[in-house]
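Single-letter residue listing:
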Amino acid sequence: MKVNNQDGQQPQGEDGAQVNTGASGDAVPVPDAAIPELVIISGMSGAGRSTAAKCLEDLGWFVVDNLPPALIPTMVELGARSQGNVARIAVVVDVRGRRFFDNLRESLADLDSRRVTRRIVFLESSDDALVRRFESVRRPHPLQGDGRIVDGIAAERELLRELRGDADLVIDTSSLNVHELRAKMDAQFAGEEEPELRATVMSFGFKYGLPVDADLVADMRFLPNPHWVPELRPFTGLNEEVSAYVFNQPGAKEFLDRYAELLRLIAAGYRREGKRYVTIAIGCTGGKHRSVAMSEKLAARLAAEGVETVVVHRDMGRE
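The residue numbers shown here count from 1 along each chain, following its written sequence. Only residues with pLDDT of 70 or above have their local features reported here, since the model is predicted, and side-chain atom pairs are shown and tallied only from 80 upward, although totals for entire chains, interfaces and linings are computed over all residues. No hydrogens and no water enter the side-chain calculation; it runs on all heavy atoms of the structure.

## Regarding the confidence of the model for the chain
To keep things clear, this is the line we draw: Confidence of the prediction at every residue is given by pLDDT, a number between 0 and 100. A contact between two residues is defined here by any heavy atoms of the two lying within 4.5 Å.
Mean pLDDT over the chain: 83, with 86% of residues reaching 70 or higher. Within the model, pLDDT remains below 50 along residues 1-29, and this stretch shows 49 contacts once partners closer than five positions in the same chain are excluded.

Written out as structure tokens, the structure is:
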């Protein structure tokens, strides 16, 4: 956020970085190293802006949709004040905020003066492809008014012509599906490392119903139930004795090894298809013993292989 001093001039540091005036009136410099990297996503309505933004979000960017261009410098400054918590910001700018487009060039000049590393990504598509997409979702183009979809597309092209010319990256999505667009964004922004896959391993009890957000479900009811062992019944799968009992049963260790191997195969495919989050549900009758023990072991296996993993025991303690 800009803060002017008493003579109306924007204070500057010795290195040219923007300086704000604190409550005490002293100049507080913003170190260049703290200024976030910025990507501005724009382009034709229906060309895939939301998909591009979601891809950056999955890659760890802080994403703001439909931000008025005049507020972009403020967002960058807030990121600079976050003590490194917001190092990369992506802002979606589109015709929903068309009355603010006159401020965009001024905002870009402001960012350049602050030495902000910024890129403009412009999503393009042919008229035929855009018409098909709007007709498939039965929604009007935001600029067509009382006219036809093609009228709105033409008006938008004219409005965005200058911005398209300034773009650092133009992606034509006319013949791309969602996964191919995500792959292009990954290639530009994921760096040399493959985008991370984040996994939630969730234990649950079948008697309480399947988790509605599960991508994969495995059933541990093929193993003997510790519930019928009196000395183990009060405990859960987090208890060492219960876990040892479960994994001493025929097939338990084999299941863990083979399911982990299967998940490696699935994870590679998920990454290729642009899926960054997966929920793996492990169930038993009550969600207390077998599923909990297996979830803990499976999560540890995934974490050891570099998958960011969270464990959730949905029904433990519910009985």
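Past the structure itself, the notes keep going.
## Considering the nonpolar core
The following threshold applies: By nonpolar core is meant a set of buried Ala, Val, Leu, Ile, Met, Phe, Trp, Tyr and Cys residues that side-chain atoms within 4.5 Å join together. Using a 1.4 Å probe on the protein chains alone, a residue whose accessible area is under 20% of its type maximum counts as buried, one over 50% counts as exposed, and one in between counts as partly exposed.
The biggest cluster of nonpolar side chains holds 47 residues, and the ones touching the most others in it are Leu38, Ile41, Leu56, Ile72, Met185 and Phe189. Setting aside residues no more than four positions away along its own chain, isoleucine 72 makes contact with Leu38, Ile40, Leu67, Val91, Val93, Leu104 and Leu111. Judged by nonpolar contacts, the second largest core, of 30 residues, contains Val201, Phe255, Ile282 and Cys284.

## Quick word on the sheet that holds strand E3 (residues 37-43)
Our working definition: The pairing criterion is simple: DSSP has to find at least two bridges between the two strands. Runs of H or I in DSSP of at least four residues are treated as helices and runs of E of at least two as strands, each being numbered from the N terminus. Note on geometry: axes are lines fitted to C-alpha atoms, helical ones only across the stretch in contact, with angles between N-to-C directions running from 0 to 180 degrees.
The strand order across the open sheet formed by 5 strands is E4-E5-E3-E6-E7, and the pairing between neighbours is parallel. Two strands bound the open sheet, and with one partner strand each, they are strand E4 (62-65) and strand E7 (169-172). Pairs of neighbouring strands in the sheet enclose a mean axial angle of 20 degrees, with direction left out of account. Sheet topology places E3 next to strand E5 (residues 88-92); 5 bridges connect them, and they run parallel.

## Re the sheet that holds strand E8 (residues 198-205)
Here we have 4 strands laid out as an open sheet, ordered E9-E10-E8-E11, and parallel in their pairing. The sheet is open, and its two borders are formed by strand E9 (216-219) and strand E11 (308-313), each paired with just one other strand. Each neighbouring strand pair of the sheet contributes to a mean axis angle of 20 degrees, computed without reference to strand direction. In this fold helix H8 (residues 252-272) packs onto E9 and strand E10 (277-284), with an angle of close to 175 degrees to the strand it touches most, E9. Its contacts with the sheet place helix H9 (residues 290-304) against E8, E10 and E11, and it is angled at close to 170 degrees to E8.

## Thoughts on the packing of H8 against H9
What counts is decided by this rule: For classification, angles of less than 35 degrees are called roughly parallel, those exceeding 145 degrees roughly antiparallel, those between 65 and 115 degrees roughly perpendicular, and all remaining angles oblique. Each helix crossing is assigned a hand: it is left-handed if the near helix lies turned anticlockwise from the far helix by less than a right angle, otherwise right-handed if that turn is clockwise. We call Asp, Glu, Lys and Arg charged. Ala, Val, Leu, Ile, Met, Phe, Trp, Tyr, Cys and Pro are nonpolar, and the rest, Gly among them, are polar.
Their axes nearest at 10 Å, the elements H8 and H9 cross at an angle of 40 degrees. Regarding the angle of H8 to H9, the classification is oblique. Every pair of crossing elements has a handedness; the one defined by H8 and H9 is right-handed. Mapping the contact onto sequence places Ala252, Phe255, Leu256, Asp257, Tyr259, Ala260 and Leu263 in H8 and Met294, Lys297, Leu298, Arg301 and Leu302 in H9. Broken down by class, the residue content of the contact of H8 with H9 amounts to 9 nonpolar, no polar and 3 charged.

## As for the environment of glutamine 83
Along the chain, glutamine 83 falls in the loop between helix H2 (72-80) and E5. For glutamine 83, a relative accessible area of 77% gives the class exposed. Between the C-alpha atoms of glutamine 83 and isoleucine 35, which are 48 residues apart in sequence, the distance is 9.8 Å.

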